[in-house]
Amino acid sequence: MGATIQDFEPRSKPLDEETREQLVSKCQENGWLKVDGYDWQDDPFLEEYPYEFMRIDDIDALREHFGRGNWAIRQGVVFDDLAFINQVNGGDEWWTLKRDGEGWMAFESTSFAYVIEAKGRAAFETLVRSMQLATPAQCKALDYYDKDASAKWAAERNPRTPELERPLAQRASDAREAASARNGRSQVPRREAQAID
């Protein structure tokens, strides 16, 4: 058996069979990806490429994946609630889908290698995070882009704890007081002692 898509993506994981079947079924709605699609109508002896999918959970690994380029048609990657399936053999045209309930909704065709090369890492991350944060309805209306998506994503996934919201000087003073109390020293807080002097 030949190499698979996972052989080239060490940080990828196999896709579960249910999701794979959903995506193969969804591909039958796309003239470029379906069995006997457009490419095969012009050349009926053209080899049918298999549907190969993987899961990537890290945005840096996803960026590296798209940056490699030259992917075969029908190769795809699932990232969180998004799926990207290459619809141009050897190209960079990714049919973009978002999970909508139990199924998948197609909403875009994206050239990720172009975004990465021409606009950079931050633009790629903002684009993907925008798609993740958007609702299926926003994606369908192509109203999903948010220039602050990366910051919003980080804030949602890594909320600041109330402890970190207090000023640094206050946290340091409270830590000194707590240490003094643990060590049996004077219960008079240092900042109050300084005020008394």
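The chain is annotated in an unreviewed UniProt entry as Peptide ABC transporter substrate-binding protein of Gordonibacter pamelaeae.

## Quick word on unusual backbone geometry
One non-glycine residue with positive phi stands out, namely R74, at about 75°. Structurally, R74 is set in the loop between α3 (59-68) and β3 (75-79). Phi angles above zero are rare outside glycine, and L142 is one such case at about 55°. Turning to its location among the elements, L142 is positioned in the loop between α6 (136-140) and α7 (149-157).

## Looking at the side chain of E52
Inspection of the secondary structure assignment puts E52 in strand β2 (residues 52-55). Buried and unpaired, E52 has no salt bridge, with R20 as the nearest side chain of opposite charge at 8.2 Å. For E52, the side chain forms a polar contact with the side chain of Q75, separated by 3.5 Å.

## Observations regarding the pairing of strand β4 (residues 82-86)
Two faces, one strand: in a regular strand the side chains alternate between the faces of the sheet. Most of β4 is tucked away: five of the five residues are buried. Residue alternation in β4 divides its side chains into two sets, L82, F84 and N86 and A83 and I85, and both sets are buried. Of the strand pairs in this sheet, β3 and β4 are connected by four bridges, and their pairing is antiparallel. By the bridge assignment for β4, F79 is matched with L82. Here β4 pairs with strand β5 (residues 94-100) via five bridges, running antiparallel. Looking across to β5, one finds that L82 is bridged to K98.

## Considering the packing of helix α5 (residues 121-133) against α7
Running from N to C, α5 and α7 cross one another at 60°; their axes reach a closest spacing of 8 Å. The angle between α5 and α7 falls in the class oblique. In this structure, α5 meets α7 at a crossing whose hand is left-handed. The residues of α7 that touch α5, namely those facing E125, T126, R129, S130, Q132 and L133, are A149, S150, K152, W153 and E156. Grouping the constituent residues of the contact of α5 with α7 by class yields three nonpolar, four polar and four charged.

## What about the sheet that holds β2?
Taking strand neighbours across the sheet as the criterion, the six strands line up as β1-β2-β3-β4-β5-β6 in an open arrangement whose pairing is mixed. A single partner strand is all that each edge strand has here, and the edge strands are β1 (13-14) and β6 (103-110). Pairing of β2 with β3, which is carried by four bridges, proceeds in the parallel orientation. Bridging across to β3, E52 finds its partner in Q75.

## Some words on the packing of helix α4 (residues 112-119) against α5
Relative to each other, α4 and α5 sit at 140°, their axes nearing to 6 Å. Of the possible angle classes, the one that applies to α4 and α5 is oblique. Two secondary-structure elements touch here, α4 through F112, V115, I116 and K119 and α5 through R121, A123, F124, L127 and V128.

What counts, and at which threshold
- Residues numbered from 1 in each chain as written.
- Predicted model: local features only at pLDDT ≥ 70, side-chain atom pairs only at ≥ 80, totals over all residues.
- Heavy atoms only, no water.
- Helix = DSSP H or I, 4+ residues; strand = E, 2+ residues; numbered from the N terminus.
- Buried < 20%, exposed > 50% of the residue type's maximum accessible area, 1.4 Å probe, protein only.
- Lys, Arg positive; Asp, Glu negative; His and termini not counted.
- Salt bridge = Lys/Arg side-chain N within 4 Å of Asp/Glu carboxyl O.
- Polar contact = N/O pair within 3.5 Å; in protein donor to acceptor, adjacent residues only side chain to side chain.
- Pairing = 2+ DSSP bridges.
- Axes fitted to C-alpha atoms, helices over the stretch in contact; angles between N-to-C directions.
- Parallel < 35°, antiparallel > 145°, perpendicular 65-115°, else oblique.
- Left-handed = near helix turned anticlockwise from the far one by under 90°.
- Contact = heavy atoms within 4.5 Å.
- Nonpolar A, V, L, I, M, F, W, Y, C, P; charged D, E, K, R; others polar.

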